[in-house]
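An overview of the molecular structure
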Amino acid sequence: MMKFLTLVTICVVMMSGSLVDAKPSFRQLVLGKADDSCVGRCGIAGTDLTKPCQCNPSCQQYNDCCADFLPTCNTCEGRCTAGYDSKWPCQCTPECSSYNNCCPDKPDLCGGTGGGAVTDAELRALSQQLHIDDVNAVQGIVLNMQSTTTSGSTTDKAPLPLFSSVPADAFSGPTISALLALFDNYDENVKVTEDVTPEEIAEDNAFLDAILATSVMQQAHQFLVSKGLADADIAVFKEYLRQIWLGQYNRGGGIEGSSGLEHVFLGEKNGNSISGYHGWIKFYQDELAGRMNYLGYMAKIDLGVSSVIEMPMNWDGIYKSISSISVSGSPEIELAVATVCFLARPNSKCPLQGADGTAYAYQTYTLDYNGNTYVGSAYPTY
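Residues numbered from 1 in each chain as written. Predicted model: local features only at pLDDT ≥ 70, side-chain atom pairs only at ≥ 80, totals over all residues. Heavy atoms only, no water.

If you look the protein chain up in an unreviewed UniProt entry, it shows as Poly(U)-specific endoribonuclease from Daphnia magna. Its UniProt record gives the protein chain the following Sequence similarities (unreviewed entry) comment, quoted word for word: "Belongs to the ENDOU family." According to its UniProt record, the protein chain has this under Cofactor (unreviewed entry): "Mn(2+)". (UniProt positions renumbered as here; feature names shortened; annotations may be inferred.)

What follows is the structure, given as structure tokens:
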């Protein structure tokens, strides 16, 4: 009779699937610890009674997962086209980046969001080649980094300007000169509606034509086309760039006083706060004019010719606790990598490499307005 009751107990527990609370499963106690691993077993449907622990999506619910379930099965292998499943410890859906629950290997196995399967490796390879081919980058700039500082510190740790020496012909290149022509088209106050004139539209066209004539932007375009993220027609792509970078939108208050290009390359003011401001050319100009006080730096990443600097800033007496600029790069390299990241890794960090292979990243943010999606922000980081 005792043997019969024991066998019945065993069957009942095994059929129930688990014991409650955070205790070893019955199968683990009966069958021992042999094969207590999920290697090669992740996602196998059903319960394998020949194993002491499980690696199926329900094991967390029934508390019978193998000890290495999370580190081994935190993967998108075989799941790139699967929908959201709350039973898994991480997700592989296009939306997972918005919820911060993507599997670590999703970018390499499944690509990013936005419709194209773009891997981290491809982004690094492309960006490195773009930096190598950036013939309009400014050579010979000398920076005076001085002391390090911290975010939130308003103490001036750098009594001298950041730019110690800039070549006399630094801004004579075709794309930099075209960008400079746009600077006086914008009011830095986001609460002032921009007045777009025919002359300014002509300058916008000249700028877009100049960057699209470069190998850097052409390579970026071809890459996006190959991933189904851009139209192959260069004229259509030009209009898309015009929309996301030059199109006017509202950042609050019902006023169309902002655009991606103004925000990123020039910087904006909203009352007593600085918004954007990630362009090194504008930084240099404002420093020369006494409008920008360089306070020191938090991080510096050398990428070959160019450098990414993260720092606080004081612009016209307005303090921003942290910002970043990429010094020496051409307008097309910044626009190219930012556009690729905007489409391949929207609202997230996009892994890149400099000409020398040094790793860095670009963070982009989208902004939806009147049915269109614009560049809300884009900046280099690490």
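Picking up after the structure, the text goes on.
1. Some details on the sheet that holds strand β12 (residues 359-369)
What the 3 strands build is an open sheet, ordered β11-β12-β13; its pairing is antiparallel. Edge strands, defined here as strands with exactly one partner in the open sheet, are β11 (349-353) and β13 (372-381). Averaged over all neighbouring strand pairs, the angle between strand axes comes to 30°, with direction disregarded. Bridging between β11 and β12 involves 5 bridges; their strand directions are antiparallel. (Pairing = 2+ DSSP bridges. Helix = DSSP H or I, 4+ residues; strand = E, 2+ residues; numbered from the N terminus. Axes fitted to C-alpha atoms, helices over the stretch in contact; angles between N-to-C directions.)

2. Focus on the packing of helix α11 (residues 234-246) against helix α14 (residues 331-344)
In the contact formed by α11 and α14, the axes pass within 12 Å of each other and the chain directions differ by 90°. It follows that α11 is roughly perpendicular to α14 by the angle criterion. Here α11 contributes Tyr-240, Leu-241, Ile-244 and Trp-245 to the contact with α14, which in turn contributes Leu-335, Ala-338, Thr-339, Phe-342 and Leu-343. Grouping the constituent residues of the contact of α11 with α14 by class yields 8 nonpolar, 1 polar and no charged. (Parallel < 35°, antiparallel > 145°, perpendicular 65-115°, else oblique. Contact = heavy atoms within 4.5 Å. Nonpolar A, V, L, I, M, F, W, Y, C, P; charged D, E, K, R; others polar.)

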